[in-house]
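Structure assessment
Here is what each chain is made of, one letter per residue.
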Amino acid sequence: MKEQQNIQTQQAKDKKGLLKKIGAWFASPDGMQTLRFISAIVAVIMIGVICALLGIYMDKDNFLPKERNYALIGACAVELALIFIIAKFFSIKKKLKKSETKGCIDPFTAAFMLGLNSYFLPDFVMGSYFPKSNVLYILLGILLCWLLYLIGAVIFPKPHAWFCGVNVIFAIYALAQYYVTEFRGNPVQFADLANIKSVSEINGMYSLFLDSKVMFVLCDLILIFAVTVTTKVRKIKIRSRIISGVAVIAGCFLFVYGGRFAYDLGIKNRYIRLNFSGAENADTYRCVGYDLMFCFDGMFNRVTKPDGYSTQKAEDIITQYEVQKADKKPAIIAIMNESFADFEHIAQFKTNKDYLPNYHKLQEESISGYVSVSAYGGYSCNSEYEFLTGNTLGFLPSGSAVFTQYLNDKQNGLVSWLNELGYTTQAISPCSEGLWDIGNAYEQLQFKDRIYNCQDRMSDIQYFNGNITDETIFRYIEEQYERHAGSPYFVWTATMQNHAPYDHPEGVIHEITFEDYNNPAAQEYLNLIYQSDKALGELIDYFRNKDEEVIIVMFGDHYPHIIDFTEYLYGKDVALLSTEDYSRLRQTPFLIWSNKGVEAEKIDDISLNYLSNEVMEAAGLPKSRYQQELDKIRCDIPIISSYGYKTADGEWYSINDVADKYNLKTTSDLAAVAGDLTFGGNPDYIERADGLPGMSAAYGFQFKEIKDIDIGLKYQALRNGDIDVTNGYTTDAQISQDDVRALKDDKSY
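1. Focus on the overall build of the protein chain
- On a plain count of helices and strands, the protein chain comes out with 29 helices and 15 strands.
- Among the 749 residues that make up the protein chain, the fraction classed as buried is 53%.
- Counting contacts in the protein chain only where the partners sit at least 6 residues apart, residues at least 24 apart contribute 75% of the total.
- Split by element, the accessible area of the protein chain, about 35200 Å² in all, is 56% carbon and sulfur.

Structural data, given as structure tokens:
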């Protein structure tokens, strides 16, 4: 008994001694500096927490749960405690001798705390809070930021400049994510690094704004600078530096291999969804973390060769076709109209008059409809690429900008084929060569004549919102046509008139107004495309009575990003749309007209990579071997795009559709792959003998995981990717409305 009491007494003494040592260390110069540094960094992070929670609290449309209310109070209490610690440090510092306050902080501790701040910074700005889809994403995100600061701590004896520089990069990244997402509805992705030159070309079209989130980033930057510069970092010896360097390298390997596992986990469980929409991309960044997902995007979101692909197989397919000679060669004018879209394709709304009167009238004598495009809110160059080459963006990584990333060699397509047919091919652009690197792109696409900044060669120029008007560009096209009259001529142009932003554009006459709705940006946009429609009518009238046959094709490159108007028309968050519903937001008006007449036709299903084939048919021109193969593919897949595709039987599939991935049509098909999938259902169905147990026995199911899901939430869980399979009833409205595939019960269970 006495021995046990002695042991307990000794343990109490040891514990007391340890606490005494810790207290003494914190009272030492090094301890004081470390405590000050950590407290200051955590205080800054807690300010971000408070701002985020206050943002939720101030949102009148957002119900603040009791837990978040407590979190806000707790965060404020922690912040006050940290401010007290920092104030206490300065009060103690005044009482001590100068030599007693010259403490140092360990560089690895400093790097970790700075990394922690950088990890949270973009997430706070973007409204992405601490919980992630998997704890592994939190650990890897913090490790990534820590490693970036550690490199400087290992290399430099005085890493202050490195620390400040890395912090500036994270601050710029946070601001870039915030502004870009506000402007185009899609987060900054790794592929955008190739488009920095293009950003400099269009930055004058947008005006940066200063709000609470921007102020938070700037304050964070200033505070971290002040704390870093005023803190002395302890020098580490060469031997320790070498060991630390090896540890950093090991950390990098851990990050790469752990990141590969985490990325595959995200793809498998559909936490990572980068090929659907801007809303889905933003949701992916929130679920994974903005720092980590940006890195993942650069490391793993790459072009991969399809299974079974070979150049020889492709050549064998192409060479089976024969090429005919051209009996006639009409002039072809192709126009990609900036942000030319018809929001009534989503849902009806009332305006004082038709905002596309000429387009609607011309449909009576044209081939027209809605063409599916891969771009949304930006990335016009991708729409150019799809039309001019016949290739789809569906097989490229999300966020790709083809002109700046992949056009390094000659690219065959519509232009090269028209060159072979004896056409003079000309590209006219109101932009400089640097925008989307069109100078290189148009050369690789093999345009014989290329005119950039065409307004420099024109007189009597009109502008809307600082952009050259469609009417002005169309007049220049008319001049170029007259110069090439009598010879086969193809001209391509991409307009700029309707480019965002839509906040009171200068020079636009307001003729279109809403009758029962108020949205200034949407109204400004409708007035812009009303002017585009007017210019289109005048262009058609100019060529209507020409002796030479003239074909005019016009289509919109993408919808504008006016998200509140879009969601008003849909009646729900865009991120919750099925692939079929979302497809309408990627379908812009097109029209193919001839002054010699074409049989009026409305095409319901067509994607932009097939549209040039329709132009060739309307012009009576022979198609290249590749274009003939595209016609064959179109019979089976009439729409194929970056967000999904539609098959000949009318079914829509997203890029990551599980049923399509495994080619599932019946419940028996599901049994073979159930081990890779997660089933979700209400507890009653999961436990009932004639429910999942009976179905599993009949079909031989053995799912990877089974989750209890509230009966009212199972379709939402399916849509979010939380589960892969659920039970349903033929009376469930979601089966027809949502992105759901019903499998045939082929055993009539």
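2. Regarding the packing of helix α5 (residues 135–155) against helix α11 (residues 290–300)
- α11 packs onto α5 with a crossing angle of 80° between their chain directions and a minimal axis gap of 8 Å. When the interaxial angle is binned, α5 and α11 end up roughly perpendicular. Side by side, α5 and α11 meet where Tyr-137, Leu-140, Gly-141, Leu-144 and Cys-145 of the first sit next to Asp-291, Leu-292, Cys-295 and Phe-296 of the second.
- A class-by-class count of the residues in the contact of α5 with α11 yields 7 nonpolar, 1 polar and 1 charged.

3. Describing the pairing of strand β7 (residues 489–494)
- Among the 6 residues in β7, 6 count as buried, and that is most of the element.
- Alternating residues of β7 divide into Tyr-489, Val-491 and Thr-493 and Phe-490, Trp-492 and Ala-494, and every residue in both groups is buried.
- Of the pairings in the sheet, the one linking strand β1 (residues 331–337) to β7 comprises 5 bridges and is parallel in character. Within β7, the residue paired with Ile-332 across the bridge is Phe-490.
- Two elements, strand β3 (residues 424–428) and β7, share 5 bridges in a ladder whose sense is parallel. Of the residues in β7, the one forming a bridge with Thr-425 is Phe-490.

4. A short note on the sheet that holds strand β4 (residues 449–451)
- The strand order across the open sheet formed by 8 strands is β4-β3-β7-β1-β8-β9-β2-β10, and the pairing between neighbours is mixed. Lying at the two open borders of the sheet, with one neighbouring strand each, are β4 and β10 (601–603). Across the sheet, the mean angle from the axis of one strand to that of its neighbour is 15°, orientation sign disregarded.
- For β3 and β4, the ladder comprises 3 bridges, and the chain directions are parallel. The residue bridging Gln-426 from the neighbouring strand is Asp-449, located in β4.
- Along the sheet face, helix α22 (residues 608–619) touches β1, β2 (367–372), β8 (550–556), β9 (587–594) and β10 and points at about 165° away from the line of β8.

5. Description of the side chain of Gln-455
- Considering the arrangement of structural elements, one finds Gln-455 in the loop between β4 and β5 (463–464).
- With a relative accessible area of 17%, Gln-455 lands in the buried category.
- Excluding residues within four positions of it along the chain, Gln-455 makes contact with Pro-430, Ile-461, Tyr-463 and Ile-468.

6. Some details on a nonpolar patch on the surface
- On the surface, Ile-249, Phe-253, Val-256 and Tyr-257 cluster together to form a nonpolar patch covering roughly 440 Å² of accessible area.
- Position of Val-256 relative to the elements: it lies in helix α9 (residues 238–269).
- Look at Val-256 and you get partly exposed, because its relative accessible area is 36%.

7. Observations concerning the packing of helix α14 (residues 380–389) against α22
- Relative to each other, α14 and α22 sit at 45°, their axes nearing to 6 Å. Here α14 lies oblique to α22, going by the angle between them. As α14 runs across α22, the sense of the crossing is right-handed. Taking contact as the criterion, the partners of Ser-383, Glu-386 and Phe-387 in α14 are, on α22, Leu-608, Asn-609, Leu-611, Ser-612 and Val-615.
- Grouping the constituent residues of the contact of α14 with α22 by class yields 4 nonpolar, 3 polar and 1 charged.

8. Some points on helix α20 (residues 563–570)
- Among the residues of α20, those classed as buried are Phe-565, Thr-566, Leu-569 and Tyr-570. All buried residues of α20 lie within an arc of 135° about the axis, which places them on one face of the element.
- In this structure, the buried residues of α20 make contact with α19 (520–543) and α21 (579–583).
- A positive phi of about 80° marks Gly-571, the residue just after α20.

9. Things to note about the pattern of salt bridges
- All told, the structure shown has 12 salt bridges when counted by the stated rule.
- One salt-bridge network, in which partners are shared between bridges, spans Glu-365, Asp-541 and Arg-544.

10. Points about the packing of aromatic side chains
- Summed over the entire model, instances satisfying the criterion amount to 37 aromatic pairs.
- An angle of 75° between the planes, with centres 5.4 Å apart, marks the rings of Tyr-502 and Tyr-525 as edge-to-face. Note that Tyr-502 is positioned in the loop between β7 and α19 and Tyr-525 in helix α19, a separation of 23 residues in sequence.
- The exposure class assigned to Tyr-525 is buried, which follows from its relative accessible area of 0%.
- Grouped by ring-pair contacts, the aromatic residues Phe-343, Phe-349, Tyr-355, Tyr-502, Phe-514, Tyr-517, Tyr-525, Tyr-559, Phe-565 and Tyr-568 constitute a single cluster.

11. Some thoughts on the environment of Gly-378
- Counting through the fold element by element, Gly-378 comes out in the loop between β2 and α14.
- Overall, Gly-378 belongs to the buried group, its relative accessible area being 15%.
- Separated by 193 residues in sequence, Gly-378 and Gly-185 place their C-alpha atoms 9.1 Å apart.

12. Structural notes on the environment of Ser-374
- Topologically, Ser-374 is positioned in the loop between β2 and α14.
- Taking C-alpha positions, Ser-374 is 8.0 Å from Thr-392, a pair spaced 18 residues apart along the chain.
- Non-local contacts of Ser-374, meaning those with residues more than four positions away in its chain, are made with Glu-386, Leu-393, Arg-586, Ser-641 and Ser-642.
- Polar side-chain contacts of Ser-374 include one of 2.8 Å to the side chain of Glu-386.
- At 2.8 Å, the side chain of Ser-374 and the side chain of Ser-641 are in polar contact.

13. A closer look at the side chain of Ser-118
- Looking at the secondary structure, you find Ser-118 in helix α4 (residues 107–125).
- Overall, the relative accessible area of 0% leaves Ser-118 in the buried class.
- A distance of 2.7 Å separates polar atoms of two side chains, one belonging to Ser-118 and the other to Tyr-149.
- With near-sequence residues (within four places) excluded, Ser-118 lies in contact with Cys-145, Tyr-149, Asn-167, Phe-170 and Asp-291.

14. Focus on the nonpolar core
- With 61 residues, the main nonpolar core has Ile-552 and Phe-565 as its most contacted residues.
- In terms of residue count, the dominant contributor to this core is α19 (11 residues).
- Leave out the neighbours within four places in its chain, and Ile-552 touches Ile-333, Ile-335, Leu-539, Ile-540, Phe-543, Leu-591, Ile-592 and Trp-593.
- Core analysis: the next-biggest nonpolar cluster, separate from the first, contains 58 residues, Ala-334, Val-373, Ile-603 and Leu-621 among them.

15. Describing unusual backbone geometry
- With an omega of 5°, the peptide bond running from Ala-500 to Pro-501 counts as cis.
- Looking at the secondary structure, you find Pro-501 in the loop between β7 and α19.
- At Gln-446, a residue that is not glycine, the phi angle is positive and equals roughly 80°.
- Following the sequence through the fold, Gln-446 ends up in the loop between α17 (438–444) and β4.
- What makes Gln-446 partly exposed here is its relative accessible area of 23%.
- Unlike most non-glycine residues, Asn-453 shows phi in positive territory, near 45°.
- Note on placement: Asn-453 falls in the loop between β4 and β5.

Calculation notes
Residues numbered from 1 in each chain as written. Predicted model: local features only at pLDDT ≥ 70, side-chain atom pairs only at ≥ 80, totals over all residues. Heavy atoms only, no water. Helix = DSSP H or I, 4+ residues; strand = E, 2+ residues; numbered from the N terminus. Buried < 20%, exposed > 50% of the residue type's maximum accessible area, 1.4 Å probe, protein only. Contact = heavy atoms within 4.5 Å. Areas by Shrake-Rupley, 256 points an atom, 1.4 Å probe, with all protein chains shown as cover. Axes fitted to C-alpha atoms, helices over the stretch in contact; angles between N-to-C directions. Parallel < 35°, antiparallel > 145°, perpendicular 65-115°, else oblique. Nonpolar A, V, L, I, M, F, W, Y, C, P; charged D, E, K, R; others polar. Pairing = 2+ DSSP bridges. Patch = residues over 30% accessible without salt bridge, like charges linked within 9 Å, V, L, I, M, F, W, Y side chains within 5 Å. Salt bridge = Lys/Arg side-chain N within 4 Å of Asp/Glu carboxyl O. Left-handed = near helix turned anticlockwise from the far one by under 90°. Arc of directions from axis to C-beta. Phe/Tyr/Trp six-rings, centres within 6.5 Å; stacked < 30°, edge-to-face > 60°. Polar contact = N/O pair within 3.5 Å; in protein donor to acceptor, adjacent residues only side chain to side chain. Core = buried A, V, L, I, M, F, W, Y, C linked by side-chain atoms within 4.5 Å.

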